[in-house]
Structure formats: C-alpha cells, structure tokens
Amino acid sequence: MSDQETIQLNQVKVTSEFWQRYRDLVVKEVLPYQWEVMNDQANIDIADDPQNNGQDKNSHAIANLRIAAGRETGHHYGFPFQDTDVYKWLEAAAYSFSYQQDDNLKKITDELIDLIADAQDEDGYLSTYFQIDAPERKFKRLQQSHELYTMGHYIEAGVAYYKATGNKKALQIAERMADCIDQNFGLRENQIHGYDGHPEIELALVRLFEVTEEQRYLDLAHYFLNQRGQNPEFFDEQIKSDGEDRDLIAGMRDFTRRYYQAAEPIKEQQTADGHAVRVVYLCTGMAMVARHTGDQDLLTACKRFWNDIVKRRMYITGNIGSTTTGEAFTYDYDLPNDTMYGETCASVGMSFFAREMLKIEAKGEYGDVLEKELFNGALSGMSLDGKHFFYVNPLEADPTASKLNPGKSHILTHRADWFGCACCPANLARLITSVDQYIYTVHDNTILSHQFIANKANFSDGITVTQTNNFPWQGDINYHLENDNHKSFHFGIRIPQWSQDKLSVSVNGKQADVTIEDGFIYLTVDQANIDIELTLNMTTKLMRSSNRVKDNFGRVAVTRGPLVYAAEEADNETPLWDYHVATEDDVTTYAYHEDLLGGVGVIHLPAKRERLDSVDDALYQPLEEVPVKDKTRLTLVPYYSWANRSNGQMRVWLYR
C-alpha cells in the first residue's frame, strides 16, 4: 500500500449527537476535573481503586514535574510512570482544540509545555522519578522503569499539540527525547541492546517520524521491535546488575518473560500473551512500522496476534484481559465474566491497533472491532458525568461478591473518582477527543467510510463527504458527496458483520445492487454530487459464544446494531442469575428513552424466572424438585451505560 495517497483527508467535523455530547463533556467536565486531580486540588476518594498498590493519597503528577524543573523541592510521589497522566491529558486537550477553542485551556497547556521543557534534562531525558530520586538508575531496570513508555507518551502528546497549535517547543521537546533515546539504544558497543518492559515508544516514534520525516525515528522504532526477545535474559541481566531487591514496582519480577513479550523475537511469537495493554500497544507499533517499511514478517506477526485476540481472546464488548493477575491474557477461550479484567486502556489500545490495520488493508473486520471498542469496551470506562471511571470492565458484577470475595474485589460496581494508577481516565479522554480521526481511511484513490459517526469531512481535490444519521439508535445512514472537480474515485462503505444478512443501498434514489468485498461495498464516483442511502439491520439479536468458552455455555447475550446490552439491578428484581431468556418467544420490544441515561435505547425481553428457594430449604436437593419458572420480562440497557444509577448487580450473558 502506498503512503503517497492520491486523495488526502484534510478535516473532519463530528456532528453526531451521540459523540458530540461526549466530546463536549470532555472539554467542559473531564479535562478541568482531571487537571484539578493532577494538581492535587480535587476532593477525591480513591480508596476503591482496584489496583491502588498503596498509592491512595493524591496524584502529585504536576508537582513531580515542578520538582524536576527546580520550581519546587521534594521527593517524587506515585508510580515511575506518573508523568504519563499529564501527557495523555495534554494530548486529549490538543485534540479538543480541533472542535472547541478554549483560551483558558490553551493558556494552561502552553504553560504546561513550558514546565515540561524546564523539567527536561539537557540531553533530552525526561522521567521525573529518576531525575528526582534515582538519577544513577536511568535505563538500568527497563523491565519496570517505564522510562521509554513515559517518554513515548510525551512524544505522542507533543506531536498532537504541535499539529493542533503550531507550538514548536512542544515538538522540540519530543525530538530531544527521541534523540536521547537514539543515542542510548541500539546495537553499537556503547549502547543498550534492549527495550522497555512496557511497549509504547515504538508507536510514538512512528508518529514523530510522520510529522518530522526524520528517518532515524522510524529506524529506532523498527530496532526496538526487532530487538525485543532477541536476548530473553536482557531484563534478568539488568536486574542482577541493578540489585535483585531494588524493585521499582512490587511484584513485577514475578511475571514470566512472556508477560513482557520478551521470551522470543516477536516475529516468532504465536499467541498474544501477557499484559493486555502492552500487547496492543506493541501491535499498534508493529502495524505502523510494517506499513512504513514494508516489513512483511512484522505484518504477518500483526495479523497472527490480531486473529488470536479477536477470534479466541476477546469479550463480546471488545474488552480484553482475562485475569486481574497482571492485567493479562491467559489462554485461548478463557473468558470468565465475573473475575475478568477488561481494562479500559486495553480497549483504547485495541482501537489504536484496529485503526492502524485499516490503514494497511481494507478489511471490514478491523472496522467491526473498532466500532465494538468505541461503543462498548472503551466507552464503559467513563460515567455519564465525566468524573468517575472504571479501570476494570466486567461482564458480570455483584456488589456483595465484590465486597466479600477477595478474588472479585477488583470488580467495582460503581465508577471510582480516580485511581492510584490513573492510566485509564486520560487515555479514554484522548480517544474521545480524537474520534474524528477514526471515521475515514484513505487508500490511494479510495475513501473508506468505516465508522457511522455523523460528520462533515473535507478531502483534497474539492471532495466533501457529509454523513448524517442517528446512530447507534437507528440504522439509516445517509451520505451526500460533493465532487466539484469531477474527480474519479472509489467510495467504500463498511457493512458491519451484524448487518450483512440484511441491508439496503440506494444511490440517487435508485436501489443499488451491491456486492460485499471483505466487509465493504464500493461505488465509483465521478459526478459532481451523489446521495447514498444505506439502511442497516437494527433488529435485536441473541448471540451465543463459541462453545469452547465454558463460561458462556448455555447463555446468550443481547445486541442491537453495534451495542451490547446488559441487565442491571436498577431495572430488574434480583438476583439476575435467576432469569432465563425465553428464546422461543418472539415478543422482544425496543424503545428509545430520551430522559434515561442521557438518552438510550431500551430492550425488553421475554424471560422466565425461577422461584427462589427458601433460606430454610436444603442447600442441595434432588433434580426432580425443579423450581417453578414464572413468566416475566427482562429490561436491558446499553452496556456502556451501566452503573450510572444505583449500585447493584449487572449481567451481560444471560441463561437461556
């Protein structure tokens, strides 16, 4: 695929009522709230943080930068990667300027750039923990230090801020960081022949290359990918040299090399193993480097990881990560619902991966997964008020179990104010403010429309695409294409897997006979104006998982369009495990409720409910004494919206 596309995407203005509400929320509530938290000015309670590891006081993230810059005195507080909370917040703010200028926010972010510049060492190094408290340990314990991960997040933010505002200092900080890393890492005798324990720098370097066209940055990203796993003992050797008992993060030495994607070269690795966020950040970098360099072995590995995740290790909501131990993948088809992890950051990272794969090839499956993440797995991570967050996104929850079963204590049934490890809130914010970048992909002379998010997009050669819809509540998707120069090009529209059994397409009012190719339909456009009407199948569907997934055996999940639905205690009598969906009855109803949960579609399903045994009945009884099942109905709301009312039970997979 050529990087020199005939058509260029210039600007996208999101007009979707659904997404604009979230994008406005980030600007009005999320960014100011997170800024207060990072400055230790918010009255927050993070005692319910599922992974607080003792970091349960304040963020101190801005203070760390001020200390490193010499503006304050003191010690570093928080995790070694605490700086990244600030950088992801800055990146989210940068994207927000594309749709809502805010002079006060711009003043804050410009001053933040100045602070970051002052905190940066002369050689370009910047990681406040090591600058403040452990300068002698720079790059000495990369399994745990997150130094390259941290600088990678600034590089992403610096690139985004430069592109949004033209602030050259923001870009120069990123370039100096990359130059520092390039000086210290590589295969020369005086360099470190290694890589970070948490992939991220790879994708960041490619983004820096794309804006600067400096080949060294792409080469360095390629080096990190090729070097990973070449010496499986690299981390162990560093730990031995640095001191066995000097862990930066408790317990990190206990994980296997596969957890760090370091057991073997990634081009040889067969399955997606280890910490879920690390895996998808790594895969995103792999896809980016493969696209720019033509490294086919790297691309083959990308597809292998993609297939393993999507076909064997992904939840129906798009969430990934089956266990709280290490926030990790486990093995194929191991998808427990009530002890899973499904970290919000992992869904954000999976969105990155899907977008990059779409840039490589026009395959509808990538758009399907991206859609699944945007409307379900990632969006669940933030409350409707923008000030409470999920780190963990379960598919089954019970407040009593979370409170009294230590094995389920990480499953919160209400979103928290903040986290000691606060990677998720700002990560989701930067995804939402940049969602305009996830709607179209251009391949040479073809425009791919793969997300149904209402917008007006301007392309080169005078091409304008206006998409209108009321998605995800309705499936009528309308396009108006203006092509003043009569340029001949192809326009591809993704047909989601959930609608390939039924759809209708008309062009300029006439029914069109279309063929689906790898999940897309294509139209040739050469006239000045064209109107396309696409009608998708928005019927409610009962889904089953592969019968290789033991946790879902005999269960169904409910979907409508792109949305996965959930039953929660706010709408149904408990316990929720007592219900059986009456699949033989076809009296499912759907209605949109404007005044509920910010406006949601609600599904009512026929169900049967077992009469609960008395507390005095025997704990175990003969099978023939089957409880009576009474006819009833279940009410379901979109999964992303659960836990915004009362604190109660929730289930996605229901008995049948």
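For the structure, see preceding data.
Here the structure is a predicted model, which means the values were calculated and not measured. (Residues numbered from 1 in each chain as written. Predicted model: local features only at pLDDT ≥ 70, side-chain atom pairs only at ≥ 80, totals over all residues. Heavy atoms only, no water.)

Here's the deal with the nonpolar core
1) Next: Membership of the largest hydrophobic core comes to 219 residues, with the highest contact counts inside it found for Trp 19, Leu 112, Tyr 154, Ile 155, Phe 224, Phe 491 and Val 652.
2) Next: A total of 12 residues in this core trace back to one element, the largest contributor, which is helix 12 (residues 276–293).
3) Next: Once residues lying within four places of it in the same chain are set aside, the contact partners of Tyr 154 are Tyr 87, Leu 90, Ile 113, Ile 116, Ala 170, Ile 173, Ala 174 and Met 177. (Core = buried A, V, L, I, M, F, W, Y, C linked by side-chain atoms within 4.5 Å. Buried < 20%, exposed > 50% of the residue type's maximum accessible area, 1.4 Å probe, protein only. Helix = DSSP H or I, 4+ residues; strand = E, 2+ residues; numbered from the N terminus. Contact = heavy atoms within 4.5 Å.)

As for the packing of helix 3 (residues 83–96) against helix 4 (residues 103–119)
Each packed pair of helices is defined by two parameters, the angle between the axes and the distance between the axes.
1) Next: Where helix 3 contacts helix 4, the axes come no closer than 11 Å and their chain directions differ by 140 degrees. One finds that helix 3 runs oblique with respect to helix 4. For the element pair helix 3 and helix 4, the recorded crossing hand is left-handed. On helix 4, the residues touching Val 86, Tyr 87, Trp 89, Leu 90, Ala 93 and Ser 96 of helix 3 are Leu 105, Ile 108, Thr 109, Leu 112, Ile 113 and Ile 116.
2) Next: The residue inventory of the contact of helix 3 with helix 4, partitioned by class, reads 10 nonpolar, 2 polar and no charged. (Axes fitted to C-alpha atoms, helices over the stretch in contact; angles between N-to-C directions. Parallel < 35°, antiparallel > 145°, perpendicular 65-115°, else oblique. Left-handed = near helix turned anticlockwise from the far one by under 90°. Nonpolar A, V, L, I, M, F, W, Y, C, P; charged D, E, K, R; others polar.)

Here we look at the side chain of His 450
1) Next: Within the secondary structure, His 450 sits in the loop between strand 4 (446–449) and strand 5 (455–459).
2) Next: Of the polar contacts made by the side chain of His 450, one reaches the side chain of Gln 451; its length is 3.4 Å.
3) Next: The contact partners of His 450, leaving out residues within four places of it in the chain, are Leu 358, Leu 370, Tyr 438, Ile 439, Tyr 440, Thr 441, Arg 494 and Phe 520. (Polar contact = N/O pair within 3.5 Å; in protein donor to acceptor, adjacent residues only side chain to side chain.)

Things to note about helix 7 (residues 147–165)
1) Next: For helix 7, which comprises 19 residues, the first-to-last C-alpha distance of 27 Å matches the rise-based estimate of 27 Å (1.5 Å per residue) to within 8%.
2) Next: Burial analysis of helix 7 places 15 of its 19 residues in the buried class, which makes it a mostly covered element.
3) Next: Immediately downstream of helix 7, the backbone of Gly 166 shows phi near 80 degrees, a positive value. (Expected span 1.5 Å × (residues − 1).)

So, the packing of helix 1 (residues 17–38) against helix 3
1) Next: Following both chains from N to C, one finds helix 1 and helix 3 inclined at 155 degrees, their axes separated by 11 Å at the closest point. As judged from the angle between their axes, helix 1 and helix 3 are roughly antiparallel. Read as a crossing pair, helix 1 and helix 3 show a hand that is left-handed. Between helix 1 and helix 3, the residues in contact are Val 27, Leu 31, Gln 34, Trp 35 and Met 38 and Asp 85, Val 86, Trp 89, Ala 92, Ala 93 and Ser 96, respectively.
2) Next: In terms of residue class, the contact of helix 1 with helix 3 is made up of 8 nonpolar, 2 polar and 1 charged.

Notes on the sheet that holds strand 12 (residues 529–536)
1) Next: One open sheet holds the 7 strands; their spatial order is 1-5-6-7-12-9-10, and the pairing between them is antiparallel. Edge strands, defined here as strands with exactly one partner in the open sheet, are strand 1 (9–14) and strand 10 (510–511).
2) Next: Note that strand 1 and strand 5 share 5 bridges and pair antiparallel. Bridge pairing in strand 5 links Val 12 to Ala 457. (Pairing = 2+ DSSP bridges.)

What to know about a negative patch on the surface
1) Next: Among the surface-exposed residues, Asp 613, Asp 616, Asp 617, Glu 624 and Glu 625 lie close enough to one another that they form a single negatively charged patch.
2) Next: Positionally, Asp 617 belongs in the loop between strand 18 (600–610) and strand 19 (629–638). (Patch = residues over 30% accessible without salt bridge, like charges linked within 9 Å, V, L, I, M, F, W, Y side chains within 5 Å. Areas by Shrake-Rupley, 256 points an atom, 1.4 Å probe, with all protein chains shown as cover. Salt bridge = Lys/Arg side-chain N within 4 Å of Asp/Glu carboxyl O. Lys, Arg positive; Asp, Glu negative; His and termini not counted. Charge placed at Lys NZ, Arg CZ, Asp CG, Glu CD.)

So, the packing of aromatic side chains
1) Next: Taken as a whole and judged by the stated rule, the model has 39 aromatic pairs.
2) Next: Summarising the aromatic geometry, the rings of Trp 19 and Tyr 22 are spaced 6.1 Å apart at their centres and angled 50 degrees between planes, so their arrangement reads as tilted. With Trp 19 and Tyr 22 both in helix 1, this residue pair falls 3 residues apart, about one helical turn.
3) Next: Overall, Trp 19 belongs to the buried group, its relative accessible area being 2%.
4) Next: Its relative accessible area of 1% is what places Tyr 22 among the buried residues.
5) Next: Through successive ring pairs, a cluster of aromatic residues spans Phe 18, Trp 19, Tyr 22, Phe 375, Phe 452, Phe 471, Trp 473, Trp 498, Tyr 592 and Tyr 640.
6) Next: When the ring centre of Tyr 22 is taken as origin, the NZ or CZ atom of Arg 21, which lies over that ring, is 4.8 Å away. (Phe/Tyr/Trp six-rings, centres within 6.5 Å; stacked < 30°, edge-to-face > 60°. Lys NZ or Arg CZ within 6 Å of the ring centre and 35° of its normal.)

Regarding the sheet that holds strand 11 (residues 520–525)
1) Next: The sheet built from 4 strands is open, its strands ordered 3-4-8-11 with mixed pairing. Strands with a single pairing partner mark the edges of an open sheet, and in this sheet they are strand 3 (440–443) and strand 11. The mean inter-strand angle of the sheet, taken between neighbouring strand axes irrespective of direction, is 20 degrees.
2) Next: Pairing of strand 3 with strand 4, which is carried by 4 bridges, proceeds in the antiparallel orientation. Looking at strand 4, one finds that Tyr 440 is bridged to Ser 449.
3) Next: Here helix 14 (residues 344–360) sits on the sheet and contacts strand 3 and strand 11; the angle it forms with strand 3, its principal contact strand, is near 25 degrees.

Structural notes on the environment of Tyr 522
1) Next: Its location among the elements puts Tyr 522 in strand 11.
2) Next: As a C-alpha pair, Tyr 522 and Ile 447 span 75 residues in sequence and 9.5 Å in three-dimensional space.
3) Next: In contact with Tyr 522, not counting residues within four places along its chain, are Ala 362, Thr 446, Leu 448, Phe 491, Gly 492 and Glu 517.

Things to note about the pattern of salt bridges
1) Next: This structure, assessed with the given rule, holds 48 salt bridges.
2) Next: Ionic pairing is found between Asp 273 and Arg 313, a salt bridge with its closest N-O pair at 3.0 Å. Taken together, the residues Asp 273 in the loop between helix 11 (234–242) and helix 12 and Arg 313 in the loop between helix 13 (296–312) and helix 14 connect sequence positions 40 residues apart. Both residues of the pair, Asp 273 and Arg 313, count as buried.
3) Next: Two residues, Arg 611 and Asp 630, come together in a salt bridge whose shortest N-O distance is 2.9 Å. With Arg 611 in the loop between strand 18 and strand 19 and Asp 630 in strand 19, the pair connects residues that are 19 residues apart, well separated along the chain.
4) Next: Because the salt bridges share partners, they merge into one network encompassing Glu 136, Arg 137, Arg 141, Asp 242, Glu 244, Arg 246, Asp 247 and Arg 253.

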